[in-house]
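Each chain is listed here by its residues.
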Amino acid sequence: GEGEGASGGITRRRGGGHRRARGLYSLNLAVNNCGQDGERSGVRALMKALEKNKSLGMLNLRGNGLTSTVAGDIAEMLLENNTLIQLNVGYNEVYNDGAWELAEALSENTGLRGMDLQRNEITDEGGAHLRNLMAGNAVLEEVDLRSNMLSPGAVQLFGREFGERCNCRWQMEPPKMDPLHGLTKKGLHNLTKKVSGGNPAGGEGGGTGGAGSVQAKRDDRAAKKAARK
C-alpha cells in the first residue's frame, strides 16, 4: 500500500516493493529568483544536500534564471541521487551547455522519470545531447522540450525516434532579446564577459563546446565517469 500522500512526507511504496524513506517528497521553488544575476550558492547548497537524500521525488526549479553553470550543479546531484523522479528546470537559461551537463549526468542516473526543459533556448546542438541520452536511458519516460529553438528536422528526429516520450511542439521561437542592447541574453552575457576580461565564449551560452573552460569541465566529467565504472 501507500502512505498518506506524495507531499506529506509519509512513507510511499515504489515499483518492485521498495519503500521511500520518510521525509519531504515534493519541493516547489518555482519563480524564486534562485539564479538571479548569476547567483548559484543557494541552489548549489541544495543540490549538495540532495545528493544523499532518499525522500524527495519531485523538484520544481522553473523560472529562476538558472544558467548552464547551475545546470552543472544539478548534474552533479543527479550523478549521486537516484531517488528524484521528476525535475522541472523549464523557463531558465541552461542553453546547450546546460543540456549537455544534464544529459551526461542522466546517462548514469536510474531514477529520474521526467524532465521539463521548456524555454531554455536549446538548439539542435543541445538537442543532439538529449537525443543520445534518451536513446541510452530507457528509464527516462518523458522530456518536455517545448518552446526551445530546435529546427524542424530535429523535431522530426525526436518524434520518429521517441514518439510521445518527448514533447517538442512550438519550436523556432526567436531568441529572448534584451530591449536595451538588442542582444539575446546569451549574446549579452558573452559580451559582458568579453568587456570584463573574461572568456567571451564562456560556458553559460549555447556555445559550440570550443571554450577552454567548458572543454576542461567536459574532460573532468569524463574522467570522473570513467573512474566510477
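Residues numbered from 1 in each chain as written. Predicted model: local features only at pLDDT ≥ 70, side-chain atom pairs only at ≥ 80, totals over all residues. Heavy atoms only, no water.

A.B. asks: Kindly report on the pattern of salt bridges, identifying the contributing residues and their values.
C.D. replies: Using the criterion set out here, one finds 6 salt bridges in the structure. We note a salt bridge from arginine 146 to aspartate 144, for which the minimum N-O separation is 2.6 Å. (Salt bridge = Lys/Arg side-chain N within 4 Å of Asp/Glu carboxyl O.)

A.B. asks: Please give an account of the sheet that holds strand E8 (residues 166-167) that cites residues and values.
C.D. replies: Pairing is parallel across the open sheet formed by 6 strands, whose spatial order is E3-E4-E5-E6-E7-E8. At either end of the open sheet lies a strand with only one pairing partner, and these are strand E3 (26-28) and E8. Bridge count between strand E7 (residues 142-144) and E8: 2 bridges; the pairing is parallel. Each residue of the ladder has a partner; that of aspartate 144, found in E8, is asparagine 167. (Pairing = 2+ DSSP bridges. Helix = DSSP H or I, 4+ residues; strand = E, 2+ residues; numbered from the N terminus.)

A.B. asks: How would you explain the packing of aromatic side chains if you had to name every residue and give the values?
C.D. replies: Scanning the entire structure with this criterion turns up 1 aromatic pair. Here phenylalanine 158 and phenylalanine 162 contribute two aromatic rings whose centre-to-centre distance is 6.1 Å and whose plane-to-plane angle is 50°, an arrangement assigned as tilted. Of this pair, phenylalanine 158 and phenylalanine 162 both sit in helix H5 (residues 152-162), 4 residues apart, roughly one helical turn. With relative accessibility at 0%, the residue phenylalanine 158 sits in the buried group. What makes phenylalanine 162 buried here is its relative accessible area of 10%. Taking NZ or CZ as reference, arginine 169 lies 5.1 Å from the ring centre of tryptophan 170, over its face. (Phe/Tyr/Trp six-rings, centres within 6.5 Å; stacked < 30°, edge-to-face > 60°. Buried < 20%, exposed > 50% of the residue type's maximum accessible area, 1.4 Å probe, protein only. Lys NZ or Arg CZ within 6 Å of the ring centre and 35° of its normal.)

A.B. asks: Give me unusual backbone geometry: which residues, what numbers.
C.D. replies: A positive phi angle, close to 55°, is found at tyrosine 95, a residue other than glycine. By the secondary structure assignment, tyrosine 95 is in helix H3 (residues 95-106). Assessed through its relative accessible area of 4%, tyrosine 95 is described here as buried. Even without being a glycine, glutamate 121 presents a positive backbone phi close to 55°. Looking at the secondary structure, you find glutamate 121 in the loop between strand E6 (114-116) and helix H4 (124-136). On the basis of relative accessibility, which here comes to 5%, the residue glutamate 121 falls in the buried class.

A.B. asks: Which residues make up the nonpolar core, and what values do they have?
C.D. replies: Membership of the largest hydrophobic core comes to 40 residues, with the highest contact counts inside it found for Ile74, Leu78, Leu87, Leu117, Leu130, Leu145 and Phe158. Elements that contribute at least two residues to this core include exactly helix H1 (41-50), helix H2 (68-80), H3, H4 and H5. With 7 residues, H2 is the single largest residue contributor to this core. Among residues more than four places away in sequence, those in contact with leucine 78 are Leu84, Leu87, Leu102, Ala105, Leu106 and Asn109. (Core = buried A, V, L, I, M, F, W, Y, C linked by side-chain atoms within 4.5 Å. Contact = heavy atoms within 4.5 Å.)

Treat this as a map of the structure, not an account of what it does.
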